[in-house]
Every structure is written in C-alpha cells, then in structure tokens.
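Each chain, letter by letter, is given below.
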Amino acid sequence: MNISTGLLEFLASRTKRTWEPDEDLFASGVVSSLFALELVVHLEKAYGVEVEGEYLSLENFRTVNAMEKMVLELQAATP
Amino acid sequence: MIAVLGAGVMGTGIATLAVGHGLAVTLVDIDADKLAAAKDAVRHQLRGAKLMGRMPRSGPTGELTCTTSLADVAGATSVIEAVTELPELKAKVLAEVSALVEPGTLILTNTSAIPVDELASSTVRPEDVAGAHFMNPPYLIRMVEVIRGPRTGDAAMDAARSLLDSLDHDHVTVGDGPGFVINRILQRTINEAARIVEEGLASPAEVDALFEGCLGHRTGPLATADLIGLDNVADSLRVLRDRTGDAGYAPCELLLAKVRDGDFGRKTGRGFYEHGGQS
C-alpha cells in the first residue's frame, strides 16, 4: 500500500469520514493541532522515519499529500 | 541547570518548557516509574509545542536528567517545586532542598493555593522563596501568576522574572494569600459548578456552554477542572477551606466521589467528561 492510501485509511478510521489527498485537514475543524501530534507518532511508527526540527510544522500535516511528501523526503534522507 | 521537583503533570510540563528553551533540567521524583513516563512525555510534549508553533523549532534542546535523588539538585541555579498539593509534603521537600542548594538560589513553588510565606517558613532562607503558578500545560500557556511573599527578597524576585523571561513567558506579580488571585476565584467557581451538576440543575456541558457562550471563556469551569486534574482541585479546595475558614470552599460531594473513583479528568481519561484515552 502506498503512503497516501495508508494515510487516507488511517484518517478515515480515526475521524469517521473520508478525505481527499489534497483536502485541508485543519480547515474542516475535524482535525485539531493535537491530532497532528498523533499523526506524527503514526508516521514514525508506520514509515520508520523520525519527525523532528523544522519538519515539526503544521504545514507538513495539513494535507495527505504534504505528509506523503515529507515522509518520502525523510526516508530518502535516512541512511 | 534548573531543578524541577515532582514528575507529575505540572513538573513534567515545566521540564518540557525549560528544555525546549535550551535549559538543562534535573527532574526529581521519588517514583522511578513516574520519571520514566515523564521522559517520554517531555519528548512528546516538546514535539506538540513545536508543531503548534509555541516553542522554537530550531536551537538546542536542554538536557533532561531524571533522578530519584534529591541530592542531585545541589548545583541548581534555580529550583521549581511542583510536588503534590499537600502542605506537609511540600514543606518537607522545600526544607530539604533549601538545605542542599547554595544561599541565594531561587526556590519557586508552583503551589496552587498554599500561601508562599507558609511554605517559605519551612525553608532555611525564606527570602529565596517565591511563588510561580504555572497554568496547565505550562509549555502552551504563556502567562504565569508570580507571587511575592512578605519575606521574598528583591534578588529572588529579579531571579524569578529573569527565569520566566528566559522561558519566553509573561508574568503578573501579585501578593500572597490562600489561592492568590487565580485559584481563590477559579477553585470556588469549579466547586460551585460541580455543586450545580450535583443538584441536577445543569449538566457539565450546559454549565460550560454558558460560560463559553455568555462570558466568552475559551473553556468552561468543568472542562478546566478536568484539565487541571480533579485530585488537584480537591486538594486545593481543602487548602483554601482550611486557610480561609470559608465553608464554600469545602469540596462538594460530586467532586469527592469522582476523586474516590479515580476519575481525575484528562490524565485518567474521565472526569466530568470522557476524554477518549487522551492524556
């Protein structure tokens, strides 16, 4: 399963609704900044990356596409 | 290095705030399991605060040392006491720590309601003791109620303000007395709100909706109580009742029942509200 599909499934299970890959998660009010922290933990567990430093910005969690891009970058940077 | 005494909700949150601003912290608790949990919690909270833009993303993080030995605070430049809100326990810890640190080392108590001067009496140098009432979570709420006791020295006040400045926190300094400003009012409000629920006049959600909708409060009194921790609310109310003689502060039966049942609020997952596993 690719990252984007996995994230859409995770979001659907946690928020009880479906999402589009480019949909703003925070604008809806359904997803809070506290939930973003849960997303950090999920991304780390599911994709073996460590989200730290400048990556800890809500902008990187605003859409599924943004999260996928970040995970790919982090994976590429991991030796 | 600053020393934080007590690895409960507030001690852990204060440690997060300090290491996030690059200060080395020695966190002390008698319970090794609590310290282990605090270490994880600090990392989690740091990331949350950075994520919300409330803490610098770049710059060094201070080193966090967790210890069960109070003697490790000996070299601290300042001490923040955040042990359980029980007067005898706080007095005992403060007496021990004041004998360990150098004269002139700032000792801040994060007590919710016990007068600073009462706690200062248990220490070797009351002039080094001031109050700093952080809000929960301390790494997100920037305002701190600073309390100057009648014997607090100018040097301690300067050190307290300078420490809070280095933590990028705002502060308002008030005089000493049971509950200071915030908790003299807030704890009474929470108790009355709980009593209203106990009497069946309104549900917790209805009480809070009125405070939020009519008065513009961001969080109503019972949601606030769940965030503080109902065990701490009951302890603070007892402190206030005992020191003011005002029976209105005696914790109401509903509050006591929740504490007896272990329903402390967010930290246990249930209080006046269900928190769905949120910590």
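About the cut-offs
Residues numbered from 1 in each chain as written. Chains lettered and ligands numbered in written order. Predicted model: local features only at pLDDT ≥ 70, side-chain atom pairs only at ≥ 80, totals over all residues. Contact = placed C-beta atoms within 7 Å. Nonpolar A, V, L, I, M, F, W, Y, C, P; charged D, E, K, R; others polar. Helix = DSSP H or I, 4+ residues; strand = E, 2+ residues; numbered from the N terminus. Expected span 1.5 Å × (residues − 1). Buried ≥ 20, exposed ≤ 12 C-beta atoms within 10 Å, placed from the backbone. Domains from an automatic or database assignment. Axes fitted to C-alpha atoms, helices over the stretch in contact; angles between N-to-C directions. Parallel < 35°, antiparallel > 145°, perpendicular 65-115°, else oblique. Left-handed = near helix turned anticlockwise from the far one by under 90°. Pairing = 2+ DSSP bridges.

### As for the interface of chain B and chain A
At step 1: Each partner contributes residues to the interface: chain B has 7 residues there, and chain A has 8 residues.
At step 2: Split into classes, the residues belonging to the side of chain B that touches chain A amount to 2 nonpolar, 2 polar and 3 charged.

### Looking at helix α2 (residues 33–47) of chain A
In an α-helix, one full turn covers 3.6 residues, which means residues spaced three or four apart are oriented alike.
At step 1: With 15 residues, α2 of chain A extends 21 Å between its outermost C-alpha atoms, agreeing within 8% with the 21 Å of an ideal straight helix rising 1.5 Å per residue.
At step 2: Against the buried residues of α2 of chain A lie α3 (64–77) of chain A together with α2 (32–51) of chain B.

### Points about the environment of methionine 1 of chain B
Residues and elements named next belong to chain B.
At step 1: You can see methionine 1 is positioned in the segment before β1 (2–5).
At step 2: Methionine 1 gets classed as partly exposed once you count the C-beta atoms within 10 Å, which come to 16.
At step 3: Leaving out residues up to four positions away in the same chain, methionine 1 has contacts with Ala24, Val25, Thr26, Gly75, Ala76 and Thr77.

### Some points on the domain arrangement of chain B
Residue and element names in this part refer to chain B.
At step 1: Domain annotation of chain B identifies domain 1 (2–175) and domain 2 (184–268).
At step 2: Summarising the inter-unit geometry, the C-alpha centres of domain 1 and domain 2 are found 25 Å apart.
At step 3: Each side of the interface is counted separately: domain 1 has 9 residues, and domain 2 has 11 residues.
At step 4: For the side of domain 1 that touches domain 2, the residue count by class is 6 nonpolar, 2 polar and 1 charged.

### Focus on the packing of helix α9 (residues 230–244) of chain B against helix α10 (residues 253–260) of chain B
Residues and elements named next belong to chain B.
At step 1: Packing of α9 against α10 leaves a shortest axis separation of 9 Å and a crossing angle of 130 degrees. Regarding the angle of α9 to α10, the classification is oblique. For the pair α9 and α10, the crossing hand works out as left-handed. Mapping the contact onto sequence places Leu230, Asp231, Val233 and Ala234 in α9 and Leu255, Leu256, Lys258 and Val259 in α10.
At step 2: A class-by-class count of the residues in the contact of α9 with α10 yields 6 nonpolar, no polar and 2 charged.

### Description of the sheet that holds strand β7 (residues 143–148) of chain B
Strands in a sheet are paired, the pairing made by backbone hydrogen bonds, and the direction either parallel or antiparallel.
All names here are of chain B.
At step 1: A sheet is described by the order of its strands in space; here 8 strands give the open sequence β3-β2-β1-β4-β5-β6-β7-β8, paired in mixed fashion. Either end of the sheet is taken by a strand with one partner, and the two such strands are β3 (64–67) and β8 (170–175). Pairs of neighbouring strands in the sheet enclose a mean axial angle of 25 degrees, with direction left out of account.
At step 2: Across the sheet, α2 is in contact with β2 (25–28) and β3; its angle to β3 comes to roughly 165 degrees.

### Considering the pairing of strand β4 (residues 78–81) of chain B
Residue and element names in this part refer to chain B.
At step 1: Side chains Ser78 and Ile80 of β4 all project onto a buried face; the interleaved residues Val79 and Glu81 project onto the opposite face, where all are buried too.
At step 2: Pairing geometry for β4 and strand β5 (residues 106–109), over 4 bridges, is parallel. Bridge pairing in β5 places isoleucine 80 opposite leucine 108.

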